[in-house]
Amino acid sequence: MNAVRGTARPSRRRVLRAGGGAVLAAAGTAVTGCGAGTDDGVAADGTVTIEMWHGQADTAKKVLEGLVADFEREHPKIKVDLGGGVLADVMLQKVTAAVAAGSFPDIAYIFGSDLARVARSPQVVDLTDMVESGPVPWKNYWAASRDAVTLNDRVRAAPAVLDSLAVVCNKKLFREAGLPLPKAGWTWQDFVSCARTLTRSGQGRFGTGWPGTGDEDTVWRMWPLIWDLGGDVVDDDDGKSIGFADTGARALEVVADLARDKSVYVDPKPGSEQMYQVFLSNRMGMVVTGPWQLPDIEDAGIDYAVVPLPSFSGRPVTISGPDTWTVFDNGEARSEAARTFLTWLARPEQDVRWDIEAGSLPLSRRTEALPEWQDKVARTEGLKVFTTALETARVRPVHPAYPEVSQALGQAVVAVLLGRSTPEKALRACADDANAALLIPR
């Protein structure tokens, strides 16, 4: 999920902890019913206290603190303890250890890519009834919000943040290169051509950038290409093999073309901070990113434009990477209080505050229609492109083997980026590892 957006919140898409979720599931089975311990969270006066491991930093943390204060004023019998003390990047390890110890929070911020494994624990509360009876109709949420928290037709968490990918262009560098700005409907061939023209090797200027660590930040940029070509993460027919055995190599050809032209800056460190710094210093013409990066781009004084992702087909396609608020069972009183808080937080009047101040896109069309959000869109260049992209955005599958598939594809992307392998050879190695992972019973 990238670089820290200003100081709004932690990097959301760093290295996946491939083994952590499996440990969590096993630990959860061993300690079923232990989470409540001796404290049911209910005081003598009937006040219920719930613990929330929010994973946020700086600005986003302050926004959440303000929302909690308002909630507690409206719900004097529920107190929300914003504890946990860890950022989202290490939340999985923290939660895994807590479940194993039988002392876990009521709500935790869990990356969407980790949810399938976390949800295998019997301590995770099913929220299907909550969302179906909530104040915002479930179908009013963007499909990406719904799909990211749904596993086997059950809602296993509440959406926490929402984003999408588009291309941010440096208008100054496009003018200097004599290039018109791209428009919706452009192709990946156009993207490669623009990157080549924008590159000035002698001046340390690159056409574009790509995370080069093989982590989820590297990988999730590939799925729109694969989906557009008709592929998928997991094969729909058998569920035991990847769904991009053919399309993956063609998608990797785009990466190979960029590498061959030396028009791509390969960021060697997790989090993509260096890639974004190159863009913010006027040394990169295009960067594929999400709305979280706009505040930094504006602060740097970059004259920019946002355009939809290119495609092979001419059809709009992008990816959204929602993260979640996952509820754990510490007894009926605390679980009900957690549901009450998350239901309140999802209301458009709260959601819009979170979106504007902490940097998410609206979870629902009802929030998007609010005057506050429309004013934000009017004041922020390119923000509407990211929101419009939600109409066609897809999400990674909520699948317990996803981390291994991601790791295998990440290695393939890096091998091609660094010129160590051809797309075909890299994809064959990826398929071998990913298919082996998909065969493991879960």
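These numbers were taken from a predicted model, which means no experiment stands behind them.

Quick notes on the rules
- Residues numbered from 1 in each chain as written.
- Predicted model: local features only at pLDDT ≥ 70, side-chain atom pairs only at ≥ 80, totals over all residues.
- Heavy atoms only, no water.
- Helix = DSSP H or I, 4+ residues; strand = E, 2+ residues; numbered from the N terminus.
- Rg over C-alpha atoms; globule rule 2.2 N^0.38 Å.
- Buried < 20%, exposed > 50% of the residue type's maximum accessible area, 1.4 Å probe, protein only.
- Pairing = 2+ DSSP bridges.
- Axes fitted to C-alpha atoms, helices over the stretch in contact; angles between N-to-C directions.
- Expected span 1.5 Å × (residues − 1).
- Arc of directions from axis to C-beta.
- Contact = heavy atoms within 4.5 Å.
- Polar contact = N/O pair within 3.5 Å; in protein donor to acceptor, adjacent residues only side chain to side chain.
- Phe/Tyr/Trp six-rings, centres within 6.5 Å; stacked < 30°, edge-to-face > 60°.
- Lys NZ or Arg CZ within 6 Å of the ring centre and 35° of its normal.
- Parallel < 35°, antiparallel > 145°, perpendicular 65-115°, else oblique.
- Nonpolar A, V, L, I, M, F, W, Y, C, P; charged D, E, K, R; others polar.
- Left-handed = near helix turned anticlockwise from the far one by under 90°.
- pLDDT = per-residue confidence, 0-100.
- Core = buried A, V, L, I, M, F, W, Y, C linked by side-chain atoms within 4.5 Å.

## A short note on the overall build of the protein
Okay, so step 1: If you tally the helices and strands in the protein, you get 20 helices and 16 strands.
Okay, so step 2: Computed over C-alpha atoms, the radius of gyration of the protein comes to 22 Å, within 12% of the 22 Å expected from 2.2 N^0.38 for 442 residues, which places it in the range of a compact globule.
Okay, so step 3: Expressed as lengths along the three principal axes of its C-alpha atoms, the size of the protein is roughly 70 × 50 × 35 Å.
Okay, so step 4: Every one of the 442 residues in the protein was classed for burial, and the buried ones make up 58%.

## Details of the sheet that holds strand 15 (residues 323–327)
The strands that make up a sheet pair up through hydrogen bonds in the backbone, lying either parallel or antiparallel.
Okay, so step 1: In spatial order, the strands read 2-1-3-15-6; together these five strands make up an open sheet with mixed pairing. Both outer strands of the open sheet, strand 2 (78–81) and strand 6 (158–161), are each paired with one neighbouring strand and no more. Between one strand axis and the next, the sheet turns by 30° as a mean value, whatever way the strands run.
Okay, so step 2: As judged from the four bridges shared by strand 3 (residues 107–110) and strand 15, these two strands associate in the antiparallel manner.

## Things to note about helix 11 (residues 247–261)
Okay, so step 1: For helix 11, spanning 15 residues, the distance from its first C-alpha to its last is 22 Å, which sits close to the expected 21 Å at 1.5 Å a residue.
Okay, so step 2: Inspection of helix 11 places Thr 247, Gly 248, Ala 249, Ala 251, Leu 252, Val 254, Val 255, Ala 256, Leu 258 and Ala 259 among the buried residues, and these make up the whole buried set.
Okay, so step 3: Among the residues trailing helix 11, Lys 262 stands out with phi positive, at a value near 55°.

## Topic: helix 3 (residues 91–101)
Okay, so step 1: Along helix 3, the residues that are buried comprise Met 91, Leu 92, Val 95, Thr 96, Ala 98 and Val 99. With its buried residues spanning 165° around the axis, helix 3 presents them on a single face.
Okay, so step 2: The positive-phi residue at the C-terminal boundary of helix 3 is Gly 102, with phi of around 75°.

## So, the sheet that holds strand 12 (residues 286–289)
Okay, so step 1: The antiparallel open sheet is built from three strands, whose spatial order is 12-7-13. Each edge of the open sheet carries a strand with a single partner, namely strand 12 and strand 13 (304–307). Averaged over neighbouring strand pairs, the angle between their axes works out to 25° when direction is ignored.
Okay, so step 2: Pairing geometry for strand 7 (residues 166–170) and strand 12, over four bridges, is antiparallel. Its bridge partner being in strand 12, Val 168 is matched across the sheet by Val 287.
Okay, so step 3: Taken strand by strand, helix 8 (residues 188–198) contacts strand 7 and strand 12, and its axis lies near 135° from that of strand 12.

## Re unusual backbone geometry
Okay, so step 1: One non-glycine residue, Asp 153, adopts positive backbone phi at about 70°.
Okay, so step 2: Within the secondary structure, Asp 153 sits in the loop between strand 4 (150–151) and strand 5 (154–155).
Okay, so step 3: Using a relative accessible area of 71% as the deciding quantity, one classes Asp 153 as exposed.

## Quick look at the environment of Ser 360
Okay, so step 1: Turning to its location among the elements, Ser 360 is positioned in the loop between helix 15 (348–358) and helix 16 (365–368).
Okay, so step 2: On the accessibility criterion, Ser 360 (3% relative accessible area) is buried.
Okay, so step 3: Taking the C-alpha atoms as reference points, Ser 360 and Gln 277, 83 residues apart in sequence, are found 22 Å from one another.
Okay, so step 4: Only 2.9 Å separates the side chain of Ser 360 from the backbone nitrogen of Leu 162, close enough to count as a polar contact.

## Side note on the packing of aromatic side chains
Okay, so step 1: All told, the structure shown has 14 aromatic pairs when counted by the stated rule.
Okay, so step 2: Considering the side-chain rings of Trp 223 and Tyr 402, the 6.3 Å spacing of their centres and the 50° angle between planes classify their relative orientation as tilted. Of the two residues, Trp 223 is situated in helix 10 (residues 223–228) and Tyr 402 in helix 19 (residues 402–417); the sequence distance between them amounts to 179 residues.
Okay, so step 3: The exposure class assigned to Trp 223 is buried, which follows from its relative accessible area of 0%.
Okay, so step 4: The aromatic ring of Trp 53 is capped on one face by Lys 94, whose charged end is 5.1 Å from the ring centroid.

## A few points about the packing of helix 14 (residues 332–346) against helix 15
The relative placement of two packed helices is expressed as an angle between their axes plus a distance between the axes.
Okay, so step 1: Close contact between helix 14 and helix 15 brings their axes to 5 Å; oriented N to C, the two are set at 70°. The orientation of helix 14 with respect to helix 15, classified from their angle, is roughly perpendicular. In this structure, helix 14 contributes Trp 344, Leu 345 and Ala 346 to the contact, and helix 15 contributes Pro 348, Gln 350 and Asp 351.
Okay, so step 2: Taken together, the residues of the contact of helix 14 with helix 15 break down into four nonpolar, one polar and one charged.

## A look at the pairing of strand 8 (residues 208–211)
Okay, so step 1: Every second residue of strand 8 is oriented toward a common face, with Thr 208 and Trp 210 on one face and Gly 209 and Pro 211 on the other, all of them buried.
Okay, so step 2: Alignment of strand 8 against strand 11 (residues 264–267), held across four bridges, turns out to be parallel. Residue pairing across strands places Thr 208 opposite Val 264, the latter belonging to strand 11.

## Thoughts on the packing of helix 2 (residues 58–74) against helix 14
Okay, so step 1: In the contact formed by helix 2 and helix 14, the axes pass within 11 Å of each other and the chain directions differ by 115°. For the pair helix 2 and helix 14, the sense of crossing is right-handed. Packed against helix 2, whose contacting residues are Leu 67, Val 68, Asp 70, Phe 71 and Glu 74, the element helix 14 presents Thr 340, Phe 341, Trp 344 and Leu 345 at the interface.
Okay, so step 2: Considering only residue class, the contact of helix 2 with helix 14 consists of six nonpolar, one polar and two charged.

## Considerations on the confidence of the model for the protein
Okay, so step 1: The predicted model of the protein averages 90 in pLDDT, with 91% of residues at 70 or higher.
Okay, so step 2: This stretch, residues 1–38, has a pLDDT under 50; its non-local contacts, to residues over four places away or in other chains, come to 136 contacts.

## What to know about the nonpolar core
Okay, so step 1: With 128 residues, the main nonpolar core has Trp 223, Met 286, Trp 325, Phe 341 and Leu 409 as its most contacted residues.
Okay, so step 2: Of all the elements, helix 19 adds the most residues to this core, at eight residues.
Okay, so step 3: Membership of the second largest hydrophobic core comes to twelve residues, among which are Met 91, Val 95, Val 99 and Phe 328.

## Remarks on the environment of Val 192
Okay, so step 1: Positionally, Val 192 belongs in helix 8.
Okay, so step 2: Along the primary structure Val 192 and Gly 209 are separated by 17 residues, whereas in three dimensions their C-alpha atoms are 12 Å apart.
Okay, so step 3: If sequence neighbours within four positions are ignored, Val 192 has contacts with Val 254, Asp 257, Leu 258 and Asp 261.

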